[in-house]
Amino acid sequence: MTPRVLHLRRCDCAQRETAAWFLSGGKPADWLAELSRWRIPLEGMRCYIVPREAGDYQPSGLLVVPPKSAAQPKDVRAMALGTIAEKLFLPVEAELFPPVAATEIATLCRAAVTLFHPAIGVVEFDPAEACGVWQLLASAEVASSDWNAARAGAELNSHIAAVVRHTLPQIEDIFGDAQKEIGSDPIKNLPPRPDEPSAGMSGKMGRAMRGLGAGAVQKFFSMLPSGGPKNNWINQVLDWASAKLSGLTQEMEDLRHSELLRLMKMLENDPDRGLRHALPLGGSPGRGRTPPGTRLGTRNVNFNLGNIGGGRASDPWDVPWALRQKLTKRYRELALHEQQLGRFKRAAYIYAELLGDLAAAAAVLKEGRLFAEAAILYRDHLRQPMVAAECFVAGGLFTEAVAIYEKEGKWIELGDLQRRLENEEAAAVAYRRAVEVKVAAVDFVGAAELLEQRLRVPDEAIALLRRGWLGGPQAAQCLGAEFTLLGRLARHEATSQRLAELRKETTPVAKSIPLGEVLEKLRESYPDLTVRVVATDLARVKLSERLAGDDLEHIRRGVQIIARLAPEDRLLARDASRFLADRTTALQKVLALPPPPPPPRKAGSGRLGKPNLLGSIPLPSGLQWLAVRRVGSRFVVLANKQNQMVLLRGNWQGQFQNAASWTCGPKGARTLLTLTADEARSQPDFLVPIPLPTDRNVQVIPTTDTNPAQLRVGVPSWVANDAFTLSISGTQWWVLRISDGHLLLEERAMDGRLIGSFDVSLVLQLPVRTSSEVILFALRGHVWIACGPFLLLFKNGKTERRWELESPILGFDASAPFLPCAVVARCEQGVAIFWLDALSDDVEMLASHLARPRAVFLGNGTLVLLAGTSDGRGCEGVVVDIDHRGIHSEEKFYKNGHPPIALIGTDRPDDFAVFDGSNSAEVWRVTTK
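Calculation criteria
- Throughout this description, residue numbers start from 1 for each chain and increase along the sequence as written.
- Local features are withheld for residues below a pLDDT of 70 in this predicted model, meaning they are given only at 70 or higher, and side-chain atom pairs are given and counted only at 80 or more; totals for whole chains, interfaces and linings count all residues.
- The side-chain figures draw on all heavy atoms in the structure; neither hydrogens nor water molecules are used.
- Strand pairing follows a simple DSSP-based rule, namely that at least 2 bridges must link the two strands.
- Where helices and strands are cited, they refer to DSSP runs of H or I of at least four residues and of E of at least two residues respectively, numbered from the N terminus.
- For helices, the axis comes from a line fit to the C-alpha atoms of the stretch in contact; other axes are also lines fit to C-alpha atoms, and the angle between any two N-to-C directions lies between 0 and 180 degrees.
- Any carboxyl oxygen of Asp or Glu that lies within 4 Å of a side-chain nitrogen of Lys or Arg is treated as forming a salt bridge with it.
- Between buried and exposed lies partly exposed: a residue is buried under 20% and exposed over 50% of the maximum accessible area for its type, with that area taken using a 1.4 Å probe on protein chains only.
- Contacts: residue pairs with any heavy atoms within 4.5 Å of one another.
- Only the six-membered ring of Trp is used, alongside the rings of Phe and Tyr, when aromatic pairs are assigned; centres must lie within 6.5 Å, and planes under 30 degrees apart are stacked while those over 60 apart are edge-to-face, with the rest tilted.
- Over a ring means this: the NZ of a Lys or the CZ of an Arg is within 6 Å of the ring centre and within 35 degrees of the ring normal.
- Put simply, buried Ala, Val, Leu, Ile, Met, Phe, Trp, Tyr and Cys residues joined by side-chain atoms within 4.5 Å make one nonpolar core.
- Orientation labels follow simple angle bins: below 35 degrees gives roughly parallel, above 145 gives roughly antiparallel, 65 to 115 gives roughly perpendicular, and whatever is left gives oblique.
- For any pair of crossing helices, the crossing counts as left-handed if the nearer helix is rotated counterclockwise from the farther one by less than a right angle, and right-handed if it is rotated clockwise.
- Three classes are used: nonpolar for Ala, Val, Leu, Ile, Met, Phe, Trp, Tyr, Cys and Pro, charged for Asp, Glu, Lys and Arg, and polar for all others, with Gly counted as polar.

Undergrad: How do you make sense of the sheet that holds strand β21 (residues 742–748) when you look at a structure like this?
TA: Adjacent strands of a sheet pair through backbone hydrogen bonds, lying either parallel or antiparallel. Taken in spatial order, the four strands of this open sheet run β19-β20-β21-β22, and their pairing is antiparallel. Only two strands of the sheet have a single partner each, and these edge strands are β19 (723–729) and β22 (754–759). Along the sheet, successive strands turn relative to each other by an average axial angle of 20°, direction set aside. Judged from the six bridges that link them, β19 and strand β20 (residues 732–739) form a sheet pairing that is antiparallel. Residue pairing across strands places L726 opposite V735, the latter belonging to β20.

Undergrad: I tried to follow the pattern of salt bridges on my own but got confused; where do I start?
TA: Between side chains of opposite charge, a pair can form when the charged atoms approach closely. For the coordinates displayed, the defined rule picks out 38 salt bridges. E93 is the salt-bridge partner of R10, the closest N and O atoms lying 3.5 Å from each other. Taken together, the positions of R10 in strand β1 (residues 7–10) and E93 in the loop between β6 (88–91) and β7 (94–97) put the pair 83 residues apart, joining distant regions of the chain. According to the relative accessible area criterion, R10 is exposed, its value standing at 69%. With a shortest N-O distance of 2.9 Å, E460 and R432 are connected by a salt bridge. With E460 in helix α15 (residues 458–470) and R432 in helix α13 (residues 424–440), the pair connects residues that are 28 residues apart, well separated along the chain. When its relative accessible area of 34% is taken as the criterion, R432 is described as partly exposed.

Undergrad: Even after reading the chapter, I still don't get helix α11 (residues 398–408), so can you show me in this structure?
TA: Residue pairs three or four apart in sequence face the same way in an α-helix, which turns once every 3.6 residues. Buried within α11 we find F398, E400, A401, V402, I404 and Y405. Each element contacted by the buried residues of α11 is listed here: α9 (371–381), α10 (385–394) and α12 (411–420).

Undergrad: When you look at the environment of W718 in this model, what are you seeing that I'm missing?
TA: Positionally, W718 belongs in the loop between β18 (711–714) and β19. Separated by 332 residues in sequence, W718 and M386 have C-alpha atoms that sit 8.0 Å apart. Dropping the residues within four chain positions of it, W718 is found in contact with Q384, V387, W733, V735, R748, A749, M750, D751 and G752.

Undergrad: Sorry if this is basic, but what is going on with the packing of aromatic side chains here?
TA: In this description, a pair of aromatic rings is defined by centroid distance and the angle of the planes. Counted under the stated rule, the structure contains 15 aromatic pairs. On the numbers, 5.7 Å between centres and 75° between planes, the contact of W718 with W733 is edge-to-face. Here W718, found in the loop between β18 and β19, pairs with W733, found in strand β20; they are 15 residues apart in sequence, far enough to count as distant. Judged by relative accessible area, W733 falls into the buried class, the value being 3%. Site record: aromatic cluster; members linked through ring pairs are F635, W652, F656 and F915. The ring of W469 carries the charged tip of K511 above its face, separated from the ring centre by 4.4 Å.

Undergrad: It is not clear to me how the nonpolar core should be interpreted in this structure. Could you clarify?
TA: Y331, I350, Y378, L499 and V688 are the most contacted members of the largest nonpolar core, which totals 100 residues. Core analysis: the next-biggest nonpolar cluster, separate from the first, contains 20 residues, I775, C821, A832 and L836 among them.

Undergrad: Explain the environment of A428 to me, please; I cannot follow it from the model alone.
TA: Examined against the element boundaries, A428 turns out to sit in helix α13. For A428, a relative accessible area of 27% translates into the label partly exposed. It is 9.6 Å that separates the C-alpha atoms of A428 and D416, two residues lying 12 residues apart in sequence.

Undergrad: Please clarify how the environment of L327 should be interpreted in this entry.
TA: Following the sequence through the fold, L327 ends up in helix α6 (residues 321–340). Placed 66 residues apart in sequence, L327 and L261 show a C-alpha to C-alpha distance of 9.9 Å.

Undergrad: I'm lost on the packing of α12 against α13 in this one. Help?
TA: In a packed pair of helices, the relevant descriptors are the angle between the two axes and the axis-to-axis distance. Contact geometry of α12 with α13 gives a least axis separation of 8 Å together with a crossing angle of 160°. Accordingly, the angle class assigned to the pair α12 and α13 is roughly antiparallel. Crossing geometry of α12 relative to α13 is assigned as left-handed. Where α12 approaches α13, its residues W411, I412, L414, G415, D416, Q418 and R419 are matched on the opposing element by E424, A426, A427, A430, Y431, R433, A434, V437 and K438. The class makeup of the residues in the contact of α12 with α13 is nine nonpolar, two polar and five charged.

Here's what the structure looks like:
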């Protein structure tokens, strides 16, 4: 029997009824104050004083077990506990892992009462250690009994550093044997066409003899000098020999074409048999040539990595384009069918050996848990090391994964893996490197989390968080994280001391509101009552100091926090509202503040007015602005700085955060012009630069006081290197690749799992020469693909509609979230609008006089279009009140400056911002008549 260590695992809902409570803190006065708030009879309650840890008998809390018939108290500020087998007490929302039966719990618990606390651990109590509530008024005698109930389990063999294969699978060993190539076993039982040349022995011998004779004649007479007139007898003989050889070639091509038609019929009627004779359409052309044949041989339908990369002689067949497209489509349908049946090796065989699509083959092998094979494909053929490392770890090949993590600088992953291998020293070194990286990026909260959770040095984490409060973009978050960590460690005296320090220090104006918000959260969630009371009083003091200022926004937020500090006091909320109204009126008279904006206008009201310029936002200098995208109530800007791509996150007050960067050449810097995200989300958490950078890496932008939401930017490691664009729609990722001249559309899950693969070249019916010709856009399950003026709409893997617009398409924009779903196709001249609930075969162009316009849907449904004028002296635009019924009203407007590079909405539904590449962005407001 292998002993297991029991853990507590938190659940989303309560797992058992409340049978007891745990009051945190070491002061009996706090315990009695909390018990008196319950307003229930206290007779019969059993109380157990819980120590801090083994060997330290100072109290850390009180376990209160009421009688079974007692009433349940309300508004309890304590941890609710349930019971298993009436002996083990644990939090009501926690479960034991691994699961243990109640009968086993009764056997394991030796004492009458056993507490399993998530922070303190396991504590046992004898019946004699129970006390009544009245006994808390006097100091308890220090007992000499051992409070520690933890028992050491069997130790694992720590000398094992890793479990690995003796040798990695080689190319020729992984997917079986595929020695039978083309020409070894013909397709039978299919009747020949009436005019089909003979493919039997007599036909082969006749063609061979005719070929030898014609070839010999051509070779002999070509050595003789022709001389004389052009139509002499030597030239006539040479022409005869050439015609014979050409006839033989045409006869062989006819036989091959008949063989391919048989293959196509067999793939439709008997797919399993057809796959054994399938003709490879992609991959390496091989090394050398074999004698040409007219029959397709039998193949092993299990994928063989030994067939990848060539190395053998081959007999290439010239397949007509239309037939190639049909075979490709059928191959992909069969691959998806095999994948759905769970036959992943067969699916990988189709993708890799028949289609030459190694990226899809690797994804299928990974899904089928063939991790070693998938890792070799990712590492050696696809050059995707991080996905290879994930597969190596999943397959137990830790040594190879360690090498990749070290080379790629993935220190957290490396530390986790080294700890899994019980290499604590190596793990600590890796975690320290990760801490250094986060500190260099001014991510003190992330670094402190690593120090506390990975390195288990909470004192260093607290010191680093205090350093972050002194200055930096995460000041308030560092303070909040420090209080959370102190509460988790039950260091309530240290928390009280920290609050006293904050009371004495002079708080800068910029930190007063963030400090109030941190103290408000402390009042709501800190486990110690005394600390909550002190934090509430300190918040009132610090916020009251700023109410006499002239910053109306600070005053408004401060008054709201003060009112929330006592939610039970209704008079306080009323007085706070009156104070804010009076203070706003006084400041408007003194400072001449602008009146509040009118309420938002509804779409279709026809009350649209001309836009007015409100002001401008200064932007950091020395950057070449390329793309801008709104993210929630903020925006991100993509810029080029000396061939270094930088991403900045800003707000409408002009505050910016250096978020991420990529290294690229001048050519790549000019082509990164779009940031894509899930268009249906108002607060997307993942941005991808388009076209895709060559670096398959995701950078996590840390939170700051001005940007509290975390954001990920980059390209996931599972995206194939031949992918050039992608689009996100919910949990689906749509990826476009050009593989072996085919335009492939892949549907993948967020973790990279391949859901479907479609060849859209046949549907598009256009040759795709470069990736810049194709634009991809996904929205709510609909996938839009544009190539020049042609537009395709896909849904559920099928082509829904096809349009041809008046001018080439440059990009797409979506309507604002929570509004009727619409897609704007920006063209060389004007735009086209498609309403997903009212699609039509006819396309109506809008604002065709605008050249290469930028577009944005505002929060109230208004469409804004803006483009540079033909003379280059300014910009002209139009605002349109539009819905699926049509245009209700529109207004033209003009502005000075360069043509816009981006047009985005702001945090108000009537406002929009114009970015034109200068060092400032203009903010405009659409007025209402």
